[in-house]
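Observations on chain architecture
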Amino acid sequence: MAYQFDFSGIWEYRAELAAGVVHTLALTGVGTVFGLLVGVVGGAVRGWRVEPYNRLCGLYVELIRNTPFLVQLFFIFFGLPALGVHLNEWVAAALAMIINLGAYTTEIVRAGVQATPRGQMEAGLSLAMSRRQVFWHVVLPPALGRVWPALCSQIVIVMLGSSVCSQISAEELTFAASYIQSRNFRAFETYIVTAVLYLLLAIVLRHLLNRLGARLTNRDVAKP
Amino acid sequence: MIEFSIWTILQYLAQGLGWTLCLSLLAFVLGGAVGGGILLARIATYPLLRVFARGYIEFFQGTPLLMQLFMVFFGLSLLGRDVSPWVAAGFSLTLYSAAFLAEIWRGCVEAVDRGQWEAAASLAMSRWEQLRHVILPQALRHAVTPTVGFSVQIVKGTAVTSIIGMTELTKTGSILANATLQPFTIFGMVGLGYFLLCYPLSRLAHYLERKLNVLAAH
Amino acid sequence: MNPRLRFLVSAALCCGLSFSAAAHADALANIKKAGVLRVAVPQDFPPFGSVGADLKPQGYDIDVAAMLARDLGVKLALTPVTSANRVPFLTTGKVDLVISSLGKNPEREKVLDFSVAYAPFYNGVFGPAGASVANVAALAGKTIAVTRGSVEDLELSKVAPASAVIKRFEDNNSTVSAYYSGQVQLIATGNVVAAALKKRDTQKSLETKFLIKDSPCFIGINKNEPQLLARVNAAVASARKSGELNRISLRWLNTPLPAAF
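As the structure is a prediction and not an experimental result, all values here were calculated from the model.

Some remarks on the overall build of chain C
Helix and strand counts for chain C stand at 10 helices and 12 strands. Counting over 261 residues, chain C shows a buried share of 55%. Within chain C, residue pairs in contact and separated by at least 24 positions form 71% of the contacts whose partners lie at least 6 positions apart. Total accessible area on chain C stands at roughly 10800 Å², and carbon and sulfur atoms take up 57% of it.

Pasting the structure below:
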């Protein structure tokens, strides 16, 4: 086909693309921080079988992991208003990401907690630490270190998955791409540029997370 | 606008579910085969192969599947290869799954104690023999659970193939939602459809995890 | 040969072949030779294109496609598309025409050629009974849902005041859902679409606030296909004269074509 590539039209939209990158990063950041918190709590509940929360967490995890993110997002944005809960597109998107990452993190952390030798916990308890203290200081740090690579992968997946937030009008990177190509009809050029931006984001994010992971593990090693 | 009976809607959704299932199976089987190749390249002694495999994995894990599909379907056309949406969807999903499976399996191979390689080498086994007879059988046990777990991601990933005109479950759902103007009912049913496909897989992964852990403990 | 190198070489060869083939191609001659006119049509944008009970597309755009195929004496093959992929389907030669209520702007005209207008499109801003929004200026501070890339998106983006919040959704369905779920205050869409919605929903009223502009729709054709463009333009013109286009308008838009047509 005699299609002529022309990237010059994309440059005009650099502001939209930059805003898209910033918003994608912001969504990912919020989703990661709170998603990890949800996951750590959920993972502790699951790992130690704290009833009845264990069953509830199990239901939550299965429900989220076995349905597409888009369906979850639509439910929050279009479905909740029927119950009188109006969340704007950014809150809805961030909430969906937190809930989604939280479910995956719960499972990952559970695996890490369950792999902790019982003796370590008992040692902690024998030092008159409370269960909560044992969890935060004895169980969690090495468990997180163990599952950190799996968490990093999941965070990158969630970052790429945030692209569907454009469907509820959240103006992240994929929104910018769709917006640009709906104006100038240069879908190829737009998608190539966007794919490269996503790739860069993924590489940088993974690098940062790896460094963070190394720091976490080092700190644990340094601790007596 | 036309009225759809609940029965017709279910029939169409079941059809879409069928396509989703076909695409997932295709992606899983072919992706597994290609992923095996990428895994071998990733842990090869030859550095160029390793660099290629790393780049491959980085690319397919680092860009949205939607963009990959778009490039394959429309990009091949630009190169003068007009492929059907089926071929393009199968091909892209295969490349995508291969990257993730290779990376999952690499983790499993690396989880095998280095001493095992050394022990096998001391028995005068070639690198291939070490891998085939000593490492892979042990890695396999670690690999089963995450592999079945990833199949859930493949099922959900097929949803984006609607961009190139596949009428799988999500697409069927959105067409019906438009025609009936009842998005909540329809998307509820779509969600349920995915759950029906994915939940058994998740249970299977869970079951295998427990079973293999018990085996490992003995 | 190294497999990657082999792939690159074969890709380069394919490229060269296709470019040389394209140099001699004439879309109109190809359509006649193949005996098929391939048209991209919408399936989520009633009354221009939506699905019937058999999930096959139907609507104004589909009738126009059928009319063109009859005019050329060839069979018709429809490809349902969305706003995200309709143009790549055309530019990569997977379809011959895009009849998908396309609006035009100078940027788009760099990529595609557009036929003469084949359909009128009246778009406006609609909202609940209580809201007093008499003109574009009154949109200040309001949230308005619109389908991304549609005719009304292009028009509204041009005229809306800076403080108006335009929320752009992926497809018509999401735009409509955003209004009825109360996520936005107003909706910008075609008046025919709004009329269909008004009949359906009883919980929330939908009234015409004002019309933005009647901006016609055009058929999209690849660049450098003067024969095909001329043929399509001639067919549309004769359908206007013969009253066939008017019949299509009555059938789907419930109104005769405006005098300008």
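Some remarks on the sheet that holds strand β7 (residues 122-127) of chain C
Residue and element names in this part refer to chain C. If you walk across this open sheet you meet the 5 strands as β9-β8-β10-β7-β11, and the pairing is mixed. At either end of the open sheet lies a strand with only one pairing partner, and these are β9 (165-169) and β11 (207-214). Pairwise comparison of adjacent strand axes, ignoring direction, gives a mean angle of 25° for this sheet. Of the strand pairs in this sheet, strand β8 (residues 143-147) and β9 are connected by 5 bridges, and their pairing is parallel. Each bridged residue has a counterpart across the sheet, and for threonine 147 the counterpart in β9 is phenylalanine 169.

Points about the interface of chain A and chain C
Residue-level contacts link 29 residues of chain A with 35 residues of chain C. Carbon and sulfur atoms make up 56% of the surface buried where chain A meets chain C, a total of about 2600 Å² over both sides. Linking chain A to chain C there are 2 salt bridges. Across the pair glutamate 89 of chain A and lysine 167 of chain C runs a salt bridge whose closest N-O atoms are separated by 2.6 Å. Applying the counting criterion to the chain A and chain C interface returns 11 residue pairs in polar contact (both at pLDDT 80 or more).

Digging into the pattern of salt bridges
Residues and elements named next belong to chain C. The tally for this structure, following the rule as stated, stands at 20 salt bridges over all chains. A salt bridge links aspartate 63 to arginine 251, with the shortest nitrogen-to-oxygen separation between them at 2.9 Å. With aspartate 63 in helix α3 (residues 60-72) and arginine 251 in helix α10 (residues 244-253), this residue pair connects regions lying 188 residues apart in the sequence. On the basis of relative accessibility, which here comes to 52%, the residue arginine 251 falls in the exposed class. Its salt-bridge partner being glutamate 109, residue lysine 104 comes within 4.0 Å of it at the nearest N-O pair.

Re the domain arrangement of chain C
Residues and elements named next belong to chain C. Segmenting chain C into domains produces domain 1 (26-120 + 216-253) and domain 2 (122-214). For domain 1 and domain 2, the distance between their C-alpha centroids amounts to 26 Å. Taken together, the contact pairs 15 residues of domain 1 with 12 residues of domain 2. Summing both partners gives a buried area of about 960 Å² for domain 1 against domain 2, and 61% of it is carried by carbon and sulfur. On the surface where domain 1 and domain 2 come into contact, there are 0 salt bridges. Inspection of the region where domain 1 meets domain 2 yields 1 residue pair in polar contact (both at pLDDT 80 or more). Among the elements of the structure, β5 (97-102) and α10 are those that each provide at least two residues to the side of domain 1 that touches domain 2.

Considerations on the environment of arginine 65 of chain A
Mapped onto the fold, arginine 65 of chain A is located in helix α3 (residues 53-65). Residues arginine 65 of chain A and tryptophan 90 of chain A, spaced 25 residues apart in sequence, show a C-alpha to C-alpha distance of 22 Å.

Things to note about the nonpolar core
Nonpolar side chains in soluble globular proteins tend to end up buried together. Among the nonpolar cores identified, the biggest contains 144 residues, and Ile168 of chain A, Ile164 and Val190 of chain B together with Leu112 of chain C are the most heavily contacted of them. At 15 residues, the largest contribution of residues to this core is made by helix α7 (residues 131-161) of chain A. Looking at which domains feed residues into this core, each of domain 1 (26-120 + 216-253) and domain 2 (122-214) of chain C gives three or more.

Concerning the sheet that holds strand β4 (residues 75-81) of chain C
All names here are of chain C. Spatial strand order, β4-β1-β5-β12-β6: 5 strands in an open sheet with mixed pairing. With one partner strand each, in any of the chains shown, β4 and β6 (112-119) form the two edges of the open sheet. Direction aside, neighbouring strands of the sheet carry axes that sit 25° apart on average. Bridge count for strand β1 (residues 36-42) against β5 is 2 bridges, and the pairing is parallel. Following the sheet pairing, alanine 40 is matched in β5 by valine 98.

Considering the packing of α3 of chain A against helix α5 (residues 89-114) of chain A
Residue and element names in this part refer to chain A. Axis separation between α3 and α5 bottoms out at 9 Å; the angle between their running directions is 115°. Between α3 and α5 lies a crossing of left-handed hand. Of the residues in α5, those touching α3 at Tyr60, Val61, Ile64 and Arg65 are Ile98, Ile99, Asn100, Gly102, Ala103, Tyr104, Thr106 and Glu107. For the contact of α3 with α5, a count of residues per class yields 7 nonpolar, 3 polar and 2 charged.

Quick word on the interface of chain B and chain A
Listed per partner, the contact involves 28 residues of chain B and 33 residues of chain A. Buried surface at the junction of chain B and chain A, summed over both partners, amounts to about 2700 Å²; 72% is from carbon and sulfur atoms. Counting across the interface, chain B meets chain A through 2 salt bridges. In this structure, the salt-bridge partner of glutamate 58 of chain B is arginine 206 of chain A, at a minimum N-O distance of 4.0 Å. At the junction of chain B and chain A, the tally comes to 6 residue pairs in polar contact (both at pLDDT 80 or more). Those elements that provide at least two residues to the side of chain B that touches chain A are α2 (47-62), α3 (65-78), α6 (127-157) and α8 (183-217) of chain B.

Details of the pairing of strand β10 (residues 186-190) of chain C
Residues and elements named next belong to chain C. Within β10, 5 of the 5 residues are buried, which leaves it mostly tucked inside the rest of the structure. As defined by bridge partners, β7 adjoins β10 across 4 bridges and the pair is classed as antiparallel. Residue valine 125 lies in a different strand from β10, and its bridge partner there is alanine 188. Of the strand pairs in this sheet, β8 and β10 are connected by 2 bridges, and their pairing is parallel. Across the sheet, the residue bridging to isoleucine 144 is leucine 186, located in β10.

Regarding the packing of aromatic side chains
Per the counting criterion, the structure on display carries 31 aromatic pairs over all chains. Summarising the aromatic geometry, the rings of phenylalanine 77 of chain A and phenylalanine 169 of chain C are spaced 6.2 Å apart at their centres and angled 40° between planes, so their arrangement reads as tilted. Highlighted residues: phenylalanine 77 of chain A in helix α4 (residues 69-79) and phenylalanine 169 of chain C in strand β9, drawn from two different chains. Classification of phenylalanine 77 of chain A as buried rests on a relative accessible area of 2%. Each residue in the set Phe5, Phe7, Phe188 and Tyr191 of chain A, Phe70, Phe73 and Phe74 of chain B together with Phe89 of chain C is aromatic and connected to the rest through ring pairs, giving one cluster. The ring of tyrosine 179 of chain C has lysine 204 of chain C lying over it, and the distance from NZ or CZ to the ring centre is 4.3 Å.

Things to note about unusual backbone geometry
For the bond from glutamate 51 of chain A to proline 52 of chain A, the omega torsion is 0°, close enough to zero to count as cis. Along the chain, proline 52 of chain A turns up in the loop between α2 (14-47) and α3. For the peptide bond that leads from proline 46 of chain C to proline 47 of chain C, omega is 0°, which places it in the cis range. Relative to the assigned elements, proline 47 of chain C resides in the loop between β1 and β2 (50-51). Of note in the backbone geometry, serine 169 of chain A takes a positive phi value of approximately 75° without being a glycine.

What counts, and at which threshold
- Residues numbered from 1 in each chain as written.
- Chains lettered and ligands numbered in written order.
- Predicted model: local features only at pLDDT ≥ 70, side-chain atom pairs only at ≥ 80, totals over all residues.
- Heavy atoms only, no water.
- Helix = DSSP H or I, 4+ residues; strand = E, 2+ residues; numbered from the N terminus.
- Buried < 20%, exposed > 50% of the residue type's maximum accessible area, 1.4 Å probe, protein only.
- Contact = heavy atoms within 4.5 Å.
- Areas by Shrake-Rupley, 256 points an atom, 1.4 Å probe, with all protein chains shown as cover.
- Pairing = 2+ DSSP bridges.
- Axes fitted to C-alpha atoms, helices over the stretch in contact; angles between N-to-C directions.
- Buried area = accessible area lost by both parts, 1.4 Å probe.
- Salt bridge = Lys/Arg side-chain N within 4 Å of Asp/Glu carboxyl O.
- Polar contact = N/O pair within 3.5 Å; in protein donor to acceptor, adjacent residues only side chain to side chain.
- Domains from an automatic or database assignment.
- Core = buried A, V, L, I, M, F, W, Y, C linked by side-chain atoms within 4.5 Å.
- Left-handed = near helix turned anticlockwise from the far one by under 90°.
- Nonpolar A, V, L, I, M, F, W, Y, C, P; charged D, E, K, R; others polar.
- Phe/Tyr/Trp six-rings, centres within 6.5 Å; stacked < 30°, edge-to-face > 60°.
- Lys NZ or Arg CZ within 6 Å of the ring centre and 35° of its normal.

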